[in-house]
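Here's the letter readout for the chains.
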Amino acid sequence: MPDSSDTPLSSASSPGSLLREVARLYTRAQRVVADCCRTTSTQCHLLTELARSGPLPLSELGLRLSLEKSWVSRAVEAMAARGWVSKEPNPSDARSWLVTLTADGVRTVHELNHTLDAHADQLLDRLGERRRAAVEHSLLLLLQALREDQAAMCCLPPPEAKDVKNVKDRPSCC
């Protein structure tokens, strides 16, 4: 099988395949970098989601990240053992747990974000100033389009909805 690094950039068959290849390679690289921060890929996703949203029920974490309940539960237990999160009974639903970042968890997320952002900066610096600006502009446009895309925003509360107490009452698109 030929090495994908031997394939010229112009040979991408469509914008969709190019975007998928960029996402695949970038995700792989970010996983390697995240490993350097003592986290698994799943823990990285959970930590950053908690930093973004604040405390969440265990089930909501799984919905937001499209992860099986057992994966989320194991990852949360491992993060609790490391002191990154606390798991307490959910005051809104006695049958569920509320997961919250601890002070050490917040420090870990900051460290992780710094490391991952430095990696992204290193990649973008290879482009030169003009191309970097063009890529950053394109990424902003893509981000806007993704935020308007129902599939990309599936299972996430609308930006104005801060109350996640009644997650089970929201219709699911998943």
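Up top is the structure these notes are about.
A quick note: this is a predicted structure, and the numbers were derived from the prediction, not measured.

Criteria and thresholds
Residues numbered from 1 in each chain as written. Predicted model: local features only at pLDDT ≥ 70, side-chain atom pairs only at ≥ 80, totals over all residues. Heavy atoms only, no water. Helix = DSSP H or I, 4+ residues; strand = E, 2+ residues; numbered from the N terminus. Buried < 20%, exposed > 50% of the residue type's maximum accessible area, 1.4 Å probe, protein only. Contact = heavy atoms within 4.5 Å. Areas by Shrake-Rupley, 256 points an atom, 1.4 Å probe, with all protein chains shown as cover. Pairing = 2+ DSSP bridges. Salt bridge = Lys/Arg side-chain N within 4 Å of Asp/Glu carboxyl O. Core = buried A, V, L, I, M, F, W, Y, C linked by side-chain atoms within 4.5 Å. Phe/Tyr/Trp six-rings, centres within 6.5 Å; stacked < 30°, edge-to-face > 60°. Lys NZ or Arg CZ within 6 Å of the ring centre and 35° of its normal.

A. A look at the overall build of the protein. Each helix and strand in the protein was counted, giving six helices and three strands. Of the regular secondary structure in the protein, the N- to C-terminal order runs α-α-β-α-α-β-β-α-α. Buried positions account for 28% of the 174 residues belonging to the protein. When contacts within the protein are restricted to residue pairs at least 6 apart in sequence, long-range pairs at least 24 apart make up 51% of them. For the protein, the exposed surface amounts to about 12,000 Å²; the carbon and sulfur share of it is 58%.

B. Up close: the sheet that holds strand 3 (residues 93-101). Ordered in space as 1-3-2, the three strands form an open sheet in which the pairing is antiparallel. The sheet terminates laterally at strand 1 (56-57) and strand 2 (85-90), the two strands that pair on one side only.

C. Highlighting the pattern of salt bridges. For the structure on display, the rule yields 10 salt bridges. Between Arg 64 and Glu 49 there is a salt bridge, and its shortest N-O distance comes to 2.9 Å. Placement of Arg 64 in helix 3 (residues 58-65) and of Glu 49 in helix 2 (residues 41-53) is noted, with a sequence separation of 15 residues between them. The closest approach of N and O atoms between Asp 121 and Arg 132, which form a salt bridge, is 3.0 Å. A residue pair is termed long-range when its members are at least 10 positions apart, and Asp 121 in helix 5 (residues 103-125) and Arg 132 in helix 6 (residues 129-147) qualify at 11 residues. Judged by relative accessible area, which is 18%, Arg 132 ranks as buried.

D. Here's a closer look at unusual backbone geometry. Located in the positive-phi region is Ser 66, a residue other than glycine, with phi close to 55°. In this structure, Ser 66 sits in the loop between helix 3 and helix 4 (69-81). For Ser 66, a relative accessible area of 61% translates into the label exposed.

E. Spatial organisation of the pairing of strand 3. Two elements, strand 1 and strand 3, share two bridges in a ladder whose sense is antiparallel. Counterpart to Leu 56 in the pairing with strand 3 is Val 99. In this sheet, strand 3 lies alongside strand 2 in antiparallel orientation, the contact comprising six bridges. Bridge assignment links Lys 87 to a residue of strand 3, and that residue is Val 99.

F. Fine view of the nonpolar core. By size, the foremost hydrophobic cluster in this structure holds 15 residues, and its most contacted members are Leu 61, Val 76 and Val 85. Among the secondary structure elements, those contributing two or more residues to this core are helix 2, helix 3, helix 4 and strand 3. Tallying contributions element by element places helix 4 first for this core, with four residues. If near-sequence neighbours (up to four positions away) are discounted, Val 85 is found in contact with Leu 47, Leu 50, Val 76, Met 79, Ala 80, Val 99, Thr 100, Leu 101 and Thr 102. Core analysis: the next-biggest nonpolar cluster, separate from the first, contains five residues, Val 33, Cys 44, Leu 112 and Leu 116 among them.

G. Structural detail: the side chain of Thr 108. One can find Thr 108 in helix 5. Look past the residues within four positions of Thr 108 in its chain and what remains in contact with it is Arg 38, Thr 39, Leu 47 and Trp 84.

H. Examining the packing of aromatic side chains more closely. Applying the stated rule across the entire model yields zero aromatic pairs. Taking the ring centre of Trp 71 as reference, the NZ or CZ of Arg 74 above it sits at 5.6 Å. When the ring centre of Trp 97 is taken as origin, the NZ or CZ atom of Lys 87, which lies over that ring, is 4.9 Å away.

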